[in-house]
Amino acid sequence: MSAPTNIALIIGSLRTESINRKFAELMVAQMPESVVIEEVNLADLPIYNQDYDDKVIDSYERVRKQLKAADAVLIVTPEHNRTMPAALKNVIDIGSRPYKENVWAAKKVAVVTASPSTYGARDSGLDVRKSMQMLAAQMMISPEVYLGNAADSLDEDGNVSERTQKYLQRFVDAFVLFAGNDSE
Ligand SMILES: Cc1cc2nc3c(=O)[nH]c(=O)nc-3n(C[C@H](O)[C@H](O)[C@H](O)COP(=O)(O)O)c2cc1C
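Here the residue numbers are simple positions, counted from 1 along each chain's written sequence. Selection of residues for local features in this predicted model requires a pLDDT of at least 70, selection of side-chain atom pairs for listing and counting requires 80 or more, and totals for whole chains, interfaces and linings are taken over all residues. Water and hydrogen atoms play no part in the side-chain values, which are based on all heavy atoms of the structure.

## Structural notes on the side chain of Asn20
Thinking step 1. In this fold, Asn20 is placed in helix α1 (residues 19-29).
Thinking step 2. Under the scheme applied here, a residue whose accessible area is under 20% of the maximum for its type counts as buried, over 50% as exposed, and between as partly exposed, the area being computed with a 1.4 Å probe on protein chains only. Judged by its relative accessible area of 2%, Asn20 is buried.
Thinking step 3. For this analysis, a polar contact is any N or O atom pair within 3.5 Å, provided that within protein one partner can donate a hydrogen and the other can accept it, and provided that sequence-adjacent residues contribute only side-chain to side-chain pairs. Within the local environment of Asn20, its side chain forms a polar contact with the backbone nitrogen of Thr77, the two atoms lying 3.3 Å apart.
Thinking step 4. The criterion used for residue contact is that any of the two residues' heavy atoms lie within 4.5 Å. Every residue in contact with Asn20, bar those within four places of it in the chain, is listed here: Ile11, Val76, Thr77, Pro78, Thr113 and Ala114. Helix numbering and strand numbering both begin at the N terminus, where a helix is a DSSP run of H or I of at least 4 residues and a strand a DSSP run of E of at least 2.

Below you can see the structure in the form of structure tokens.
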């Protein structure tokens, strides 16, 4: 039997009713059984401070371990003030340090953004790509997914139209292929 593909899932929103979380859940449901998803919790992470580099912060150790172990990372995030939310930038910074212990190096990463507004939080996704380039991650280039008018796409039960489902499925299929465990 081939090894499962381990995906670390990062939701860039801390909000209970997050639309990004809802879209992430829809995409997770579309993934095959061979994929194991583990969410990286951002809510309890202290704001990164370089003074912590020579200290043991349990929540930092936890997320660094999760990110290191993952075959790929899927980030699903909103945009805050034309860039990524602080909680997401924080986990990116935490994973990037201490110097020379950057967990993002060569890590396969994909980003999906969603917003109730027209542009689909595109600037947030582009800024994630910019940071990942600096950190030498292996960024999934295509398809780019910026979900505009995203709140309107979800019905009361958090479901989307068949057309949106198919659109998400195309991304999910490409991501699972991209994430594929190279050690098989
Ligand atoms: C501090 C803050 C800044 C925001 N800035 C933007 C923005 O720049 N672009 C945008 O499309 N939406 C912006 N929004 C609206 C978010 O897209 C909206 O709150 C969205 O629902 C957040 O995603 P979530 O539902 O996954 O939490 C902002 C919201 C907050 C709270």
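## Points about the nonpolar core
Thinking step 1. What is meant by a nonpolar core is a set of buried Ala, Val, Leu, Ile, Met, Phe, Trp, Tyr and Cys residues, joined one to another through side-chain atoms within 4.5 Å. Membership of the largest hydrophobic core comes to 29 residues, with the highest contact counts inside it found for Phe23, Leu74, Val112, Leu147, Phe171 and Phe175.
Thinking step 2. Looking at this core, the elements that each hand over two or more residues are β1 (5-11), α1, β3 (72-77), β4 (108-114), β6 (145-147) and α6 (162-179).
Thinking step 3. When residues in this core are grouped by element, the largest group, 7 residues, is from α6.
Thinking step 4. Non-local contacts of Leu74, meaning those with residues more than four positions away in its chain, are made with Ile7, Ala8, Leu9, Ile10, Met31, Ala110, Val112, Phe171 and Phe175.
Thinking step 5. Membership of the second largest hydrophobic core comes to 28 residues, among which are Val40, Met84, Leu88 and Met139.

## Points about the site of the ligand
Thinking step 1. For this description, a residue counts as near a given molecule or strand if any of its non-hydrogen atoms is within 4 Å of it. With respect to spatial proximity, 13 residues lie near the ligand, and among them Ser13, Arg15, Ser18, Asn20 and Ser115 are the closest.
Thinking step 2. A distance of 2.7 Å separates an oxygen atom of the ligand from a polar side-chain atom of Arg15.
Thinking step 3. Burial of the ligand by the protein amounts to 70% of the accessible area it has alone, namely 620 Å².
Thinking step 4. Each residue gets one of three labels, nonpolar for Ala, Val, Leu, Ile, Met, Phe, Trp, Tyr, Cys and Pro, charged for Asp, Glu, Lys and Arg, and polar for the others, Gly among them. Across the shell around the ligand, the residue classes tally to 3 nonpolar, 7 polar and 3 charged. For the area figures, the Shrake-Rupley method with a 1.4 Å probe applies, and any residue is considered shielded solely by the protein chains shown.

## Comments concerning the packing of α1 against α6
Thinking step 1. Where α1 contacts α6, the two axes come as close as 9 Å, and the packing angle between them is 70 degrees. Classed by the angle they form, the pair α1 and α6 counts as roughly perpendicular. Crossing handedness for the pair α1 and α6: right-handed. Residues Phe23, Leu26 and Met27 of α1 form the contact with α6, whose own contacting residues are Thr164, Leu168, Phe171 and Val172.
Thinking step 2. Of the residues belonging to the contact of α1 with α6, the class tally is 6 nonpolar, 1 polar and no charged. Here an angle of 0 to 180 degrees is reported between the N-to-C directions of two axes, which are lines fitted to C-alpha atoms, with helices fitted over the stretch in contact. Our angle categories are set so that under 35 degrees counts as roughly parallel, over 145 as roughly antiparallel, 65 to 115 as roughly perpendicular, and the remainder as oblique. In a left-handed crossing the near helix is turned counterclockwise from the far helix by less than a right angle, and in a right-handed crossing that turn is clockwise.

## Digging into the environment of Asp152
Thinking step 1. Along the polypeptide, Asp152 turns up in helix α5 (residues 150-153).
Thinking step 2. Under the relative-accessibility criterion, Asp152 is labelled exposed at 68%.
Thinking step 3. Taking the C-alpha atoms as reference, Asp152 lies 35 Å from Ser59; in sequence the two are 93 residues apart.

## Concerning unusual backbone geometry
Thinking step 1. Here the residue pair Arg97 and Pro98 is connected by a cis peptide bond, since its omega of -5 degrees sits within 30 degrees of zero.
Thinking step 2. Geometrically, the link from Ser142 to Pro143 is a cis peptide bond, its omega value of 0 degrees lying close to zero.
Thinking step 3. Inspection of the secondary structure assignment puts Pro143 in the loop between β5 (138-139) and β6.
Thinking step 4. Phi at Arg82 takes a positive value of approximately 70 degrees, unusual for a residue other than glycine.
Thinking step 5. Checked against the element boundaries, Arg82 lands in the loop between β3 and α3 (86-96).
Thinking step 6. Here Arg82 falls in the exposed class, since its relative accessible area comes to 56%.

## Concerning the pairing of β1
Thinking step 1. Burial runs high along β1: 6 of the 7 residues are buried.
Thinking step 2. Should DSSP find at least two bridges between two strands, the strands are regarded as paired. With 5 bridges joining them, β1 and strand β2 (residues 35-39) adopt parallel strand pairing. Looking at the pairing, Leu9 lines up with Glu39 of β2.
Thinking step 3. Here a crossover is taken to be right-handed if, once the strands point away from the viewer, the path from the first strand over the helix to the second is traced clockwise. The parallel pair β1 and β2, bridged by α1, forms a crossover whose chirality is right-handed.
Thinking step 4. Sheet analysis places β1 next to β3, joined by 5 bridges and oriented parallel. Following the sheet pairing, Ala8 is matched in β3 by Val73.

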